[in-house]
Amino acid sequence: MAALRYAGLDDTDSEDELPPGWEQRTTKDGWVYYANHSEEKTQWEHPKTGKRKRIAGDLPYGWEQETDENGQVFFVDHINKRTTYLDPRLAFTVDDNPTKPTSRQRYDGSTTAMEILQGRDFTGKVVVVTGANAGIGFETAKSFALHGAHVILACRSMTRANEAVSRILGEWHKAKVEAMTLDLAVLRSVQHFAQAFKAKNVSLHMLICNAGVFALPWSLTKDGLETTFQVNHLGHFYLVQLLQDVLCRSAPARVVVVSSESHRFTDINDSSGKLDLSRLSPSKNDYWAMLAYNRSKLCNILFSNQLHRRLSPRGVTSNAVHPGNLLYSSLHRNWWVYTLLFTLGRPFTKSMGRDTELASEVWPCSVFLPTLAGTGG
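Per an unreviewed UniProt entry, the recorded name for the chain is WW domain-containing oxidoreductase, and the organism is Suricata suricatta. Per UniProt, the chain has the following entry under Subunit (unreviewed entry): "Interacts with TP53, p73/TP73 and MAPK8. Interacts with MAPT/TAU, RUNX2 and HYAL2. Forms a ternary complex with TP53 and MDM2. Interacts with ERBB4, LITAF and WBP1. Interacts with DVL1, DVL2 and DVL3. May interact with FAM189B and SCOTIN. Interacts with TNK2. Interacts with TMEM207. Interacts (via WW domain) with VOPP1." Per its UniProt entry, the chain bears the Sequence similarities (unreviewed entry) comment "Belongs to the short-chain dehydrogenases/reductases (SDR) family."

Here it is as structure tokens:
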């Protein structure tokens, strides 16, 4: 009690009553947080009880939740024609103090993107997701947008990208989401995207390199490189280089590179152990679609590892992730054999609603590549 008295927290009638200068607020997801106007800070725990709380139940009839220009949640009572920043459900909060599980218990194969971000407010954060018009890219973009982030869908097809934007806005009409053209198979398109993004004069807090192709027949891009290698790796490599200065200015920031467990089933060194560049962009006679995919995924991890080593001192982290056993994406569309295999395997894998780069297994690259590129995170 002496400590409470010294802190000025013992002069209220109830343990749930807030001390002077404190205000109770809620997030869009219904989590309660507390604002200390004297010290200009916020926290999730009640300043007296130390408990975390969440809202129970839906809004009363006639009420609607909105967000103001500063990202703060407020409530509209359409029946009585009034607005308030006080959630009418605050009288019905419930304690949320579960035992702290391990990371594997929290983020496993049954975890959804929305569950990962529950209670988090990304208002003011800018996120770019490549290949975000479908699949796990779309689920990731949607989840960030519904939690307040300004999300840019970087896609090759503007038609499909705009359709994805409409789907997100259909779930929350105030979501800050837009589409921009990015074709990773054309390095000039990557350059144009970076220039257009920089022209917006916004920060970049998260760059998610998600776009990819699988099981393509051999072909060369306009830049004269094998398509799988350029789309899955080189295009993203170039994109990060062009946006590196923006990421550093926006620190703390993060790059997430979507790789795959299949990186383990290949090699990019020759018989003497030296890097064989011809394996990265092979000729038609040396091309095998699955091997090309595996090599591109290995390049993703090596790139992410080295990027983390170089930029983490400047506040930019980089992680490579494995999205898990997921056969609900459209990666198989290029060959009917893979389509058949993906279809047969779907009952035993994660659905699209339960996968996202947010919930994927994050690889500290040093765990399995200690001899290739040092340590990373």
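Now that the structure is up, let's keep going.
Chemist: An account of helix α6 (residues 187-199) is needed here, citing residue identities and associated values.
Modeler: The first and last C-alpha atoms of α6 sit 19 Å apart over 13 residues, in line with the 18 Å expected at 1.5 Å per residue. Listed in full, the buried residues belonging to α6 are Ser189, Val190, Phe193, Ala194 and Phe197. Looking straight down α6, one finds that the buried residues subtend no more than 140° of arc, so they occupy a single side. Of the residues in α6, the exposed ones pointing more than 90 degrees away from the buried face are Arg188 and Ala199. Contact partners of the buried residues in α6: β9 (126-130), β10 (150-155), β11 (176-181) and α7 (227-249). One or two residues past the end of α6 sits Asn201, with phi positive at roughly 55°.

Chemist: Any chance you could break down the confidence of the model for the chain for me, citing the residues and the numbers?
Modeler: Residues of the chain with pLDDT of at least 70 account for 76%, and the chain-wide mean is 80. Here residues 1-12 is a poorly scored stretch, pLDDT under 50, and it has 14 contacts once near neighbours within four places are set aside; other chains count. Long-range and interchain partners of residues 345-350, a stretch whose pLDDT sits below 50, account for 17 contacts in this model, where long-range means more than four residues apart.

Chemist: Give me the lowdown on the packing of α6 against α7, citing residues and values where you can.
Modeler: Taken N-terminus to C-terminus, the directions of α6 and α7 make an angle of 30°; their axes are 10 Å apart at the nearest point. Comparing the axis directions of α6 and α7 gives the class roughly parallel. For the pair α6 and α7, the crossing hand works out as right-handed. Note on element contacts: α7 touches α6 through Gln230, Gly235, Tyr238, Leu239, Leu242, Leu243, Asp245 and Val246, opposite Leu187, Val190, Gln191, Phe193, Ala194, Phe197 and Lys198. Tallied by class, residues from the contact of α6 with α7 come to 10 nonpolar, three polar and two charged.

Chemist: Please set out the pattern of salt bridges residue by residue, giving values where relevant.
Modeler: Side chains carrying opposite charge are able to pair once their charged atoms draw close together. Evaluated as defined, the whole model comprises 11 salt bridges. With a closest N to O distance of 3.5 Å, Asp77 and Arg82 form a salt bridge. Given the relative accessible area of 2%, Asp77 is considered buried. Among the salt bridges present, the one from Lys142 reaches Glu171, with a minimum N-O distance of 3.5 Å. In this pair, Lys142 is assigned in helix α4 (residues 135-146) and Glu171 in helix α5 (residues 158-171), connecting sequence segments 29 residues apart. Classification of Lys142 by relative accessible area gives buried; the value is 12%.

Conventions and cut-offs
Residues numbered from 1 in each chain as written. Predicted model: local features only at pLDDT ≥ 70, side-chain atom pairs only at ≥ 80, totals over all residues. Heavy atoms only, no water. UniProt positions renumbered as here; feature names shortened; annotations may be inferred. Helix = DSSP H or I, 4+ residues; strand = E, 2+ residues; numbered from the N terminus. Expected span 1.5 Å × (residues − 1). Buried < 20%, exposed > 50% of the residue type's maximum accessible area, 1.4 Å probe, protein only. Arc of directions from axis to C-beta. Contact = heavy atoms within 4.5 Å. pLDDT = per-residue confidence, 0-100. Axes fitted to C-alpha atoms, helices over the stretch in contact; angles between N-to-C directions. Parallel < 35°, antiparallel > 145°, perpendicular 65-115°, else oblique. Left-handed = near helix turned anticlockwise from the far one by under 90°. Nonpolar A, V, L, I, M, F, W, Y, C, P; charged D, E, K, R; others polar. Salt bridge = Lys/Arg side-chain N within 4 Å of Asp/Glu carboxyl O.

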